[in-house]
Amino acid sequence: MEFKWKVLGVVSVGSLMGAIDSTVLIIAFPSIARDLSASLAEMVWAIMIYTLMGTALVLSLGRISDMKGRKRMYNAGFVVFVVGSALCGLASDGLQLVLFRGLQGVGGAMLVANSFAILSDVFPPNERGRAFGMNSVVWGVGSVFGIGVGGLILTVTDWRWIFWINVPIGIVATALAFLVLRESVTPNPKDTFDLPAAILFTGGLATFLLGITEGILNGWTAPITVWPLLGSLPLLAAFVVWEGYYSRDPILPFELFRSWLFSASLMAAVLQGIALFATNFLLMVYFQGIRGVPVLTAAFLLIPLSVTLSVFGPLGGRFSDRYGARIVSTAGLVIQAGVLFAFATITPSTSLWVVAGYEAALGVGGGLFFPANTSAVMSGVPKQRYGVAAGVMMTLRNSAMALSFAVALVALTTSLPAGTSAAIFGGTFSAQGAASLGFTAAHLDSVFVGGMHTVFLVAGTLVSAAAVFSILRGREYRAGATVSGHVRSVREPFRGQDGLSQGSRTASARSAPDRLAPSVTGTERRT
């Protein structure tokens, strides 16, 4: 087996763990809330802390991996993720679950910061769509596995096993990564890590996400919401000034954004992420809280999305390698926008088969979009910056996920009568509970579905905007099959012949377009 396929196999194991963990927690939300007597605030934090840690750290971790080694960072990520998963299963209250999910998020950030960079190291540009497409199959299969096995676990045993299932998988993955992966980075003594930038960015983004989370829980005018949001602004502004004018080796080289291909592809991913992350959460609440179906049935109703994502992911990757990411990813976004507008028409009496069909179509669009767009992002930067590019992509995407969850919860909770939100989200609401508040269950169902319609209409509009950015991005660099010098290693940060980093050059603006061309020469060494 060629080395690149072995690498894809190892990275896919990490993706499998992430996919299982993401779908399982959505399914287990009501069960965990009941068993731990956790408040809605604690359960929201249990979801958001994972995203917060991953978002705030992934950019810095991507830069560190470019400097010190991707294999080392990836292996350490497996270890931290496994330990965090085991501790989540041992949590005795909501607060402990939040803390241990945060540790799990650190491990997830270490994996995510390296996975796309590792694949881009070993696959040439004209094969990356295929590699990312096959990786999306693993995500789809993992989602199906997580949904099915998670539903089965919740039916026959304790919810804690949804976290403990990561432990044996993680041990095997760590061993495989140690044996298969080759270190792709040779440390350069001229490299420096921009600690002030890392502190400013991590602090600013974490404070911003804290404000978003508190806004969901306590309202957007509460002091605990307003002060973090305001406090994040000077921190992020200081980060931009420092990176642009003072940093010798910036963790976020702004020259990258001068590539329209890179910037437009990122914007499409951000808008799509804001629109779609909360979809499975909304549908799970709809199935259990409104339709009253058992948890295992609700779990299987989410499978069509994962199945079609698995089938069309490789096709989307192959099509993007052949025809370019612009056409393929835009087609996927158009399909997803249409499905989201269709979701805005469902009612408490809509056939579950119709809802499942919508989910299947949503997976088709995702399978076309994800591998093609990721390939375009990575093709828009020099190979020396794969780790940073992957970090930027996942930072913005995770931020979009947090905003998606915030938008969905705000739209729903503001439309529901006081005292009903936590019960509906926790799956404990009943007709008797509605009557005690002076409402009928049918009325509350109608109000909830109306709020859900609003969320899906906004989501459809955002995905439509993403499609505009996608079609206007231009064509990406996809050559590579005939180039004999495809490079698997990253020797040093983005430096010129004078040895200075781009952050220290006074003429960076003039020369950036030439430096950003992801060309490959025959004189570059192969490891």
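Residues numbered from 1 in each chain as written. Predicted model: local features only at pLDDT ≥ 70, side-chain atom pairs only at ≥ 80, totals over all residues. Heavy atoms only, no water.

## Re the overall build of the protein
Short version of the rule: Secondary structure is summarised from DSSP: a helix means a run of H or I of at least four residues, a strand means a run of E of at least two, and numbering begins at the N terminus for each. Exposed residues in this analysis have more than 50% of their type's maximum accessible area, buried residues have under 20%, and partly exposed residues fall in between, with area computed by a 1.4 Å probe over protein chains only. Contacts between residues were defined by any pair of non-hydrogen atoms, one from each residue, lying within 4.5 Å. To measure how exposed things are, a 1.4 Å probe is used in the Shrake-Rupley method; for residues, cover is taken only from the protein chains shown.
Each helix and strand counted, the protein has 20 helices and zero strands in total. Counting all 527 residues of the protein, 58% fall into the buried class. Considering only contacts within the protein whose residues lie at least 6 apart along the sequence, 85% involve residues at least 24 apart. Of the roughly 20000 Å² of accessible surface on the protein, 69% is carried by carbon and sulfur atoms.

## Brief notes about the confidence of the model for the protein
As a reminder of what qualifies: Confidence of the predictor at the level of single residues is captured by pLDDT, which takes values from 0 to 100.
On average, residues of the protein score 76 in pLDDT, and 78% of them reach the 70 mark or higher. Mean pLDDT across the secondary structure elements of the protein bottoms out at helix α20 (residues 508-516), with 40, and peaks at helix α14 (residues 325-343), with 92. In the model, residues 478-527 has pLDDT below 50 throughout and makes 105 contacts with residues more than four positions away in sequence or in other chains.

## Things to note about the layout of surface pockets
What counts, and what does not: Lining residues are defined by having an atom within 4 Å of a point belonging to a cavity or pocket. Those points lie on a 1 Å grid over the protein atoms alone, cavities being sets where a 1.4 Å probe fits but cannot get out and pockets being open sets with protein on both sides within 12 Å along at least five of seven lines. Grid points are joined across faces, edges and corners, and a volume is the space filled by probe spheres set on the points. When residues are sorted by character, Ala, Val, Leu, Ile, Met, Phe, Trp, Tyr, Cys and Pro go into the nonpolar class, Asp, Glu, Lys and Arg into the charged class, and all the rest, Gly among them, into the polar class.
The computed volume of the second largest pocket comes to approximately 320 Å³. As for the second largest pocket, its lining consists of 17 residues, of which Phe 201, Leu 205, Leu 236, Thr 395 and Leu 396 are closest to the centre. Mapped onto the lining of the second largest pocket, the elements with two or more residues apiece are α8 (195-218), α9 (223-245) and α16 (386-413). Considering every element that reaches the lining of the second largest pocket, the biggest residue donor is α16, with six residues. Grouping the constituent residues of the lining of the second largest pocket by class yields 15 nonpolar, two polar and no charged.

## Examining the pattern of salt bridges
Oppositely charged side chains can form a pair if their charged atoms are brought close together. Quick reminder of the rule: By definition, a salt bridge exists where a carboxyl oxygen of Asp or Glu is found within 4 Å of a side-chain nitrogen of Lys or Arg.
Using the criterion set out here, one finds three salt bridges in the structure. The shortest N-O distance in the salt bridge between Lys 4 and Glu 127 comes to 2.6 Å. Taken together, the residues span a long stretch of sequence, with Lys 4 in helix α1 (residues 3-36) and Glu 127 in helix α5 (residues 125-156) at a distance of 123 residues. The buried category is assigned to Lys 4, whose relative accessible area is 10%.

## What to know about the environment of Gly 244
For Gly 244, the position within the fold is in helix α9. Judged by relative accessible area, which is 40%, Gly 244 ranks as partly exposed. Between the alpha carbons of Gly 244 and Phe 254 there is a distance of 7.2 Å; along the sequence they are ten residues apart.

## Remarks on a nonpolar patch on the surface
Rules: A residue counts toward a patch only above 30% relative accessible area and without a salt bridge, and it is joined to like-charged neighbours within 9 Å or, for Val, Leu, Ile, Met, Phe, Trp and Tyr, to nonpolar neighbours within 5 Å.
A surface patch of nonpolar side chains, about 540 Å² in accessible area, is lined by Val 307, Val 311, Leu 315, Phe 319, Tyr 323 and Ile 327. No other element matches helix α13 (residues 303-323), which puts five residues into the nonpolar patch. Take Val 307: its relative accessible area is 39%, and that puts it in the partly exposed class.

## Focus on helix α2 (residues 40-68)
Keep this limit in mind: By this rule, a helix spans an expected 1.5 Å times one less than how many residues it contains. Values of bend correspond, residue by residue, to the angle between axes fitted over the seven residues ending at that residue and the seven starting there.
With 29 residues, α2 should cover 42 Å at 1.5 Å per step; its first-to-last C-alpha distance of 41 Å lies within 8% of that length. If you look at α2, its biggest bend is around 45°, right at Val 58. Burial of α2 is extensive: 21 of the 29 residues sit out of reach of the surface. Directly beyond the C-terminal end of α2, a positive phi value near 135° is found at Gly 69.

## Some points on the environment of Phe 343
Relative to the helices and strands, Phe 343 is located in helix α14. Since its relative accessible area comes to 0%, Phe 343 is described here as buried. Residues Phe 343 and Val 355 lie twelve residues apart in sequence; the distance between their C-alpha atoms is 7.7 Å. Each residue touching Phe 343, except ones within four places of it in the same chain, is listed here: Thr 279, Leu 283, Val 355, Tyr 358, Glu 359, Leu 362, His 453 and Phe 456.

## Comments concerning the nonpolar core
Heads up, the condition is: To form a nonpolar core, buried Ala, Val, Leu, Ile, Met, Phe, Trp, Tyr and Cys residues must be joined to one another through side-chain atoms within 4.5 Å.
With 121 residues, the main nonpolar core has Ile 32, Tyr 74, Phe 287, Leu 340 and Phe 343 as its most contacted residues. What Tyr 74 contacts, discounting residues up to four positions off in sequence, is Val 10, Val 11, Gly 14, Leu 111, Asn 114, Ser 115, Ile 118, Ala 177 and Leu 181. Residues Leu 261, Ala 325, Ala 372 and Ala 376 belong to the second largest nonpolar core, which totals six residues.

## Some points on the packing of aromatic side chains
Selection rule: Note on aromatic contacts: the rings of Phe and Tyr and the six-membered ring of Trp form a pair at centre separations within 6.5 Å, being stacked when their planes are under 30 degrees apart, edge-to-face when over 60 apart, and tilted otherwise. The rule is short: NZ of Lys or CZ of Arg within 6 Å of the ring centre and within 35 degrees of the ring normal puts a charge over the ring.
Taken as a whole, this structure holds twelve aromatic pairs when the rule is applied. A connected cluster of aromatic rings, assembled from ring pairs, spans Phe 343, Tyr 358 and Phe 456. Across from the ring centre of Phe 178, 5.2 Å away, lies the NZ or CZ of Lys 71, which sits over that ring.

## So, the packing of α13 against α14
The criterion, for reference: The convention used is that axes are lines fitted to C-alpha atoms, helices contributing only their stretch in contact, and that angles between N-to-C directions extend from 0 to 180 degrees.
Running from N to C, α13 and α14 cross one another at 145°; their axes reach a closest spacing of 7 Å. For the pair α13 and α14, the contacting residues are Gly 316, Phe 319, Ser 320 and Tyr 323 in the first and Ala 325, Ile 327 and Val 328 in the second. The class makeup of the residues in the contact of α13 with α14 is five nonpolar, two polar and no charged.

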